[in-house]
Amino acid sequence: MATYGEIMRKVYGKVVDNKLVIGNGKLEIGFDKSGRLIRILNKQSKKEYISDRYVKLVGGGPIFCLTFLDDLTPKTVYPTKLEGYTFKNYQSQAELVLRYNINKVNIECSILIKNESELTLWNINIENNSKKRIVEITYPLLLGIRIGEKYSDDILVRPNRYGEKICNPFEKTFDPIIRYLGSASMMWMDLYDPSGGLYLASYDKTLFMTDLEVKKIYHGINALIFSLKKYIYISVGEKWESEPYAVGIHLGDWHWAADRYRNWAKTWMKKPRPPKWLVECNGFLEIVKKRFGEMPNLYRLARQLGINYLSIAGQMIGEGCCNRFYYPDPMLGSINELKKSINKIHKEGGHLTFYINGQALNPRYPSLPKKYRRKIPKNILIPNWETEYKDYAIIRYDGSYVGQYPIDQFPFINGSEKQFDYPYAYYIMCPASKGWQNYLKYWALKYVKEYGADGIMIDQIGADEPKYCFNFKHNHKHHGIWVQGYCQLLKEILEEGRKINKDFCLGWIEGCGDAYGQYVASHLTHGESHVVLFEKWGSNASGLWAKYPYPEVFRYTFPEYIVFGGGSIKGLENRKRVLNRIFLMGEKINVYYEEIIESPVYSEYTRDVINLMNKIKSWLHFSIFKDTIRLRKIPSNVEAKIFERIDNRGILVTLLDDRPEKTPFNLKIDLKNYNYKDIDVILYTLKDRIKRLKYRIVKNNILSVKVEYPQDLQDSSIISAITISF
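As the structure is a computational prediction, the values presented were derived from the model and not from experiment. (Residues numbered from 1 in each chain as written. Predicted model: local features only at pLDDT ≥ 70, side-chain atom pairs only at ≥ 80, totals over all residues. Heavy atoms only, no water.)

Undergrad: Is there a simple way to explain a positive patch on the surface in this structure?
TA: A grouping of K370, R373, R374 and K375 is seen on the molecular surface, where their side chains present a positively charged patch. Within the secondary structure, K375 is located in the loop between β25 (360–361) and β26 (403–406). Residue classification places K375 among the partly exposed positions, given a relative accessible area of 41%. (Patch = residues over 30% accessible without salt bridge, like charges linked within 9 Å, V, L, I, M, F, W, Y side chains within 5 Å. Areas by Shrake-Rupley, 256 points an atom, 1.4 Å probe, with all protein chains shown as cover. Salt bridge = Lys/Arg side-chain N within 4 Å of Asp/Glu carboxyl O. Lys, Arg positive; Asp, Glu negative; His and termini not counted. Charge placed at Lys NZ, Arg CZ, Asp CG, Glu CD. Helix = DSSP H or I, 4+ residues; strand = E, 2+ residues; numbered from the N terminus. Buried < 20%, exposed > 50% of the residue type's maximum accessible area, 1.4 Å probe, protein only.)

In structure tokens:
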């Protein structure tokens, strides 16, 4: 006879009380006979994840919808009935297959559950026998979602760029859609409370552009819509089969979800191979629109801070930081001056990368300001929008272009407001178009091969909203190819760049992205500067990418990716705060020339923080960021982050202490599964202060460290690090 535990672990799919249910000992998912989702049960916490009020009022929700293109206008249609279903029960797994038909389109949805697993895998297959094209597929579509009856303690974590954490999303305003890969850096999100949560992810190795949607259901229900939308093109008479989706019903918080997504990514995403110099650098100094002959002196300023890397923007033709024709600006010096300065910096042990924008072009090219006449060599190709490059631009369903920055709001194109009747400063280009790829590759490789740069950085592609492209003359089958196009471009630039210089690197992309991280050396997230903006001015602060910034999300999910977390911000104390948070998170510093020159106090503090970073650099290089895993309760206004050594010989803890009075406190860390005998605990603080700390082992392998700062260290905010050696 089977034991109770064996019965609970067994997976099943069956009809119960006229409902279709599939489950195991940890979860159950239920549908009514019309194929509407009416139940998601966490058996471990005994909590329902679909609002009972929603089910009673609406009767459950459809699990997908299709968007057809009707005379260039998209129209979304939902299923109204179930055509049939099949249970497939095996010894260690069960599967439910649901069959629908919409306007002669056959749809088959499947849900697979394995024994003892908290994960379920969902797939959708589509056969388009209608007379219209399908352009968007939303699946899984989960309606009426909340964790249990009490919703005020629910927390939404999602990959809005560096990450976002929204407490009680039912009563907060936030952008309902983030798009992969750009405004969404990964394809997962999680809603949880203290008892556990609901994980939704796309395990799509083909990297189709995906909307991660979280919307509110009103009318007094207080529930959410959780869904994923793919931009897939299914022509009349064609079929399409999805990659798997994951729905997890789990104990624990968002870290459980991040662990599952990372585990999936590790099965196929390549690990980045940044050059040694970038791995070992402390950060970069950004300079904008400076004369080429000044660059060696600017590098020496960076060295005084402890930085050996210059990030250079505004070096190209035009005004401002970020123009789109990348020939070095003759007004800043000659090509020979540029090459000589780069060579001098290399001889002094420094490195340089130069700016390129990855996504948009000025439609006024080849027209340039008069001051550049006869200053551009004839062998330099100036992009011509009208005769060639507009053919590489993204177009929408209705055939229109996608503009960037209204011309009347853009300060650097005076007198060109209505040239060619284009109302925008720039237009978004298709990353899968060979013509656009070749243009970016040409300039990226030219800077390395001819000018001697160490690499380039590519702006905006990991931060801005991705766009679909409905111009199939670019030879892409689907229109949601934004990520695929950029991955191919980055891969080719990296491979060809390393043929020129084995240490060539794509220095950074702005924003962050899991798939891009296979090729780029680092990610400029601005995450810590946005946290400081949020702390100071709240969710409506100007400049926030995410209303509720939480950079721990991307940092924890992909801890091996190098992150520069800073950004320009006003005010000395705010700038120091950004540096403190960068240190706390184990990221690299990015500072700005104008801000360093403006404040000697800020310059000195930057040096002090970098000096402290150097004290623990060997630990950081051989450790994995674990966020608060293993950490027990700490005092209010103290933040701590855990880094576990990959050789299991110790733990690094970074601390940010904002308490008004810095009294001693006990830091408790769980050492379960560690083999420890002799323990050495050392505290590192600013100004080269080093102190050995007292500790004791309390019950259940808990290490309790007494944290006590030097008596003369009483700043309003203190950063420090503790190394725990076994």
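Undergrad: Teacher, can you tell me more about the pattern of salt bridges here?
TA: Between side chains of opposite charge, a pair can form as their charged atoms come close. What the rule picks out here adds up to 48 salt bridges. The shortest N-O distance in the salt bridge between K47 and D193 comes to 2.7 Å. Separated by 146 residues along the polypeptide, K47 in strand β5 (residues 47–48) and D193 in strand β16 (residues 188–193) bring together distant segments of the chain. Two residues, K81 and E83, come together in a salt bridge whose shortest N-O distance is 4.0 Å.

Undergrad: How should empty space enclosed by the protein be read in this particular structure?
TA: Empty space among the atoms becomes visible once a probe the size of a water molecule is rolled across them. Scanning the entire structure with this criterion turns up 4 cavities of 30 Å³ or more. Approximately 60 Å³ is the volume attributed to the largest cavity. As for the largest cavity, its lining consists of G566, G567, I569, R575, V578, L579, I582, N590, V591, Y592, E595 and Y602. Broken down by secondary-structure element, the contributors of at least two residues to the lining of the largest cavity are α11 (572–585) and β32 (589–592). Tallying contributions element by element places α11 first for the lining of the largest cavity, with 4 residues. Its residues placed into classes, the lining of the largest cavity shows 7 nonpolar, 3 polar and 2 charged. The computed volume of the second largest cavity comes to approximately 50 Å³. (1 Å grid on protein atoms, 1.4 Å probe; cavity = no way out; pocket = protein on both sides within 12 Å on 5 of 7 lines; lining within 4 Å. Points joined across faces, edges and corners; volume = space filled by probe spheres on them. Nonpolar A, V, L, I, M, F, W, Y, C, P; charged D, E, K, R; others polar.)

Undergrad: Looking at this structure, how should I read the confidence of the model for the chain?
TA: Keep in mind that low pLDDT regions are not for reading the predicted coordinates in detail. Looking at the chain as a whole, the pLDDT averages 95, with 97% of positions reaching at least 70. Of the regions scoring below 50 in pLDDT, residues 1–9 engages in 8 contacts with residues more than four places distant in sequence or in other chains. (pLDDT = per-residue confidence, 0-100. Contact = heavy atoms within 4.5 Å.)

Undergrad: Explanation requested: the sheet that holds strand β33 (residues 623–627) in the structure shown.
TA: Note on sheets: strands pair through backbone hydrogen bonds, and any given pair is parallel or antiparallel. The 6 strands lie next to each other as β33-β34-β35-β41-β37-β38, forming an open sheet whose pairing is antiparallel. Bordering the open sheet on either side are β33 and β38 (689–692), each of which pairs with just one other strand. When the angles between neighbouring strand axes are averaged without regard to direction, this sheet yields 20°. Summarising the sheet, strand β37 (residues 680–685) and β38 pair through 4 bridges and their orientation is antiparallel. Within β38, the residue paired with T685 across the bridge is R689. (Pairing = 2+ DSSP bridges. Axes fitted to C-alpha atoms, helices over the stretch in contact; angles between N-to-C directions.)

Undergrad: Is there a simple way to explain helix α8 (residues 482–500) in this structure?
TA: Residues lying three or four places apart along an α-helix face the same way, a consequence of the helix completing one turn every 3.6 residues. Its 19 residues place the ends of α8 27 Å apart at the C-alpha level, agreeing with the 27 Å of an ideal helix rising 1.5 Å per residue. Taken together, the buried positions of α8 are W482, V483, G485, Y486, C487, L489, L490, E492, I493, L494, G497 and R498. Packing partners of the buried residues in α8 comprise β15 (177–180), β27 (424–428), α7 (434–449), β28 (455–462) and β29 (505–511). (Expected span 1.5 Å × (residues − 1).)

Undergrad: Is there a simple way to think about a nonpolar patch on the surface in this case?
TA: Taken together, the side chains of F622, I624 and I646 make up a nonpolar region of the molecular surface, amounting to roughly 280 Å² of accessible area. According to the relative accessible area criterion, I624 is partly exposed, its value standing at 30%.

Undergrad: Even after reading the chapter, I still don't get the packing of helix α9 (residues 527–537) against α11, so can you show me in this structure?
TA: The relative placement of two packed helices comes down to the angle between their axes together with the axis-to-axis distance. α11 packs onto α9 with a crossing angle of 125° between their chain directions and a minimal axis gap of 9 Å. It follows that α9 is oblique to α11 by the angle criterion. As for the relative orientation of α9 and α11, their crossing is right-handed in sense. Every residue of α11 that contacts α9 at E528, S529, V531, V532, E535, K536 and W537 is listed here: N574, R577, V578, R581, I582 and M585. Of the residues belonging to the contact of α9 with α11, the class tally is 6 nonpolar, 2 polar and 5 charged. (Parallel < 35°, antiparallel > 145°, perpendicular 65-115°, else oblique. Left-handed = near helix turned anticlockwise from the far one by under 90°.)

Undergrad: Can you walk me through the sheet that holds β28 in this structure?
TA: Reading across the sheet, the 8 strands line up as β31-β30-β29-β28-β24-β23-β22-β32 and stay open at both edges, with parallel pairing between neighbours. Two strands close off the open sheet at either side, each with one partner strand: β31 (562–564) and β32. Neighbour-to-neighbour, the strand axes of the sheet open up by a mean angle of 30°, direction not taken into account. Taken together, the 3 bridges between strand β30 (residues 522–524) and β31 define a ladder with parallel strand orientation. Looking at β31, one finds that L524 is bridged to F564. Sheet strands touched by α7: β24 (351–357) and β28. Its angle to β24, the strand with the most contacts, is close to 160°.

Undergrad: How do you make sense of the environment of I569 when you look at a structure like this?
TA: Residue placement: I569 occurs in the loop between β31 and α11. Remark: the alpha-carbon pair of I569 and I29, spanning 540 residues in sequence, is separated by 48 Å. Sequence-distant contacts of I569, defined by excluding residues within four places in its chain, comprise S529, V532, L533, N574, R575, V578 and E595.

Undergrad: For this particular structure, what's the right way to read the packing of aromatic side chains?
TA: Each aromatic ring pair is characterised by the separation of its centres together with the angle its planes make. Here the structure, examined in full by the defined rule, presents 52 aromatic pairs. An angle of 70° between the planes, with centres 5.2 Å apart, marks the rings of W482 and Y486 as edge-to-face. Of this pair, W482 and Y486 are both found in helix α8, 4 residues apart, which corresponds to roughly one turn of the helix. The rings of F325, Y327, F354, Y365, Y442, W443, Y447 and Y451 are connected pair by pair, giving a single aromatic cluster. Here R262 stacks its cationic end above the ring of Y556, 4.9 Å away from the centre of that ring. For K576, the ring lying beneath its charged end belongs to Y605, and the centroid distance is 4.9 Å. (Phe/Tyr/Trp six-rings, centres within 6.5 Å; stacked < 30°, edge-to-face > 60°. Lys NZ or Arg CZ within 6 Å of the ring centre and 35° of its normal.)

Undergrad: Honestly, the state of the cysteines in this entry has me stumped. Any pointers?
TA: Under the counting rule described, the total for this entry stands at 1 disulfide. The disulfide that involves C321 links it to C322, with 2.0 Å between the sulfurs. Around the S-S axis, the bridge from C321 to C322 shows a dihedral of about -85° and counts as left-handed. You can see C65 has no disulfide; the closest cysteine sulfur is in C109, sitting 11 Å from it. Among the residues examined, C65 registers a relative accessible area of 5% and is labelled buried. (Disulfide = S-S within 2.5 Å.)

Undergrad: Would you mind going over the side chain of Q359 with me for this structure?
TA: Along the chain, Q359 turns up in the loop between β24 and β25. Within the structure, the side chain of Q359 is placed 2.9 Å from the side chain of Q460, a separation counted as a polar contact. One polar contact links Q359 to D464, side chain to side chain, over a distance of 2.6 Å. If we skip the residues at most four places from it in the chain, Q359 touches Q404, Y427, I428, M429, W436, Q460, D464, K467, W482 and Y486. (Polar contact = N/O pair within 3.5 Å; in protein donor to acceptor, adjacent residues only side chain to side chain.)

Undergrad: I would appreciate a short explanation of the environment of V563 in the present structure.
TA: On the secondary structure map, V563 appears in strand β31. You can call V563 buried: its relative accessible area is 6%. Separated by 414 residues in the primary sequence, V563 and E149 have C-alpha atoms spaced 39 Å apart. If we skip the residues at most four places from it in the chain, V563 touches H523, T525, R555, E587 and K588.

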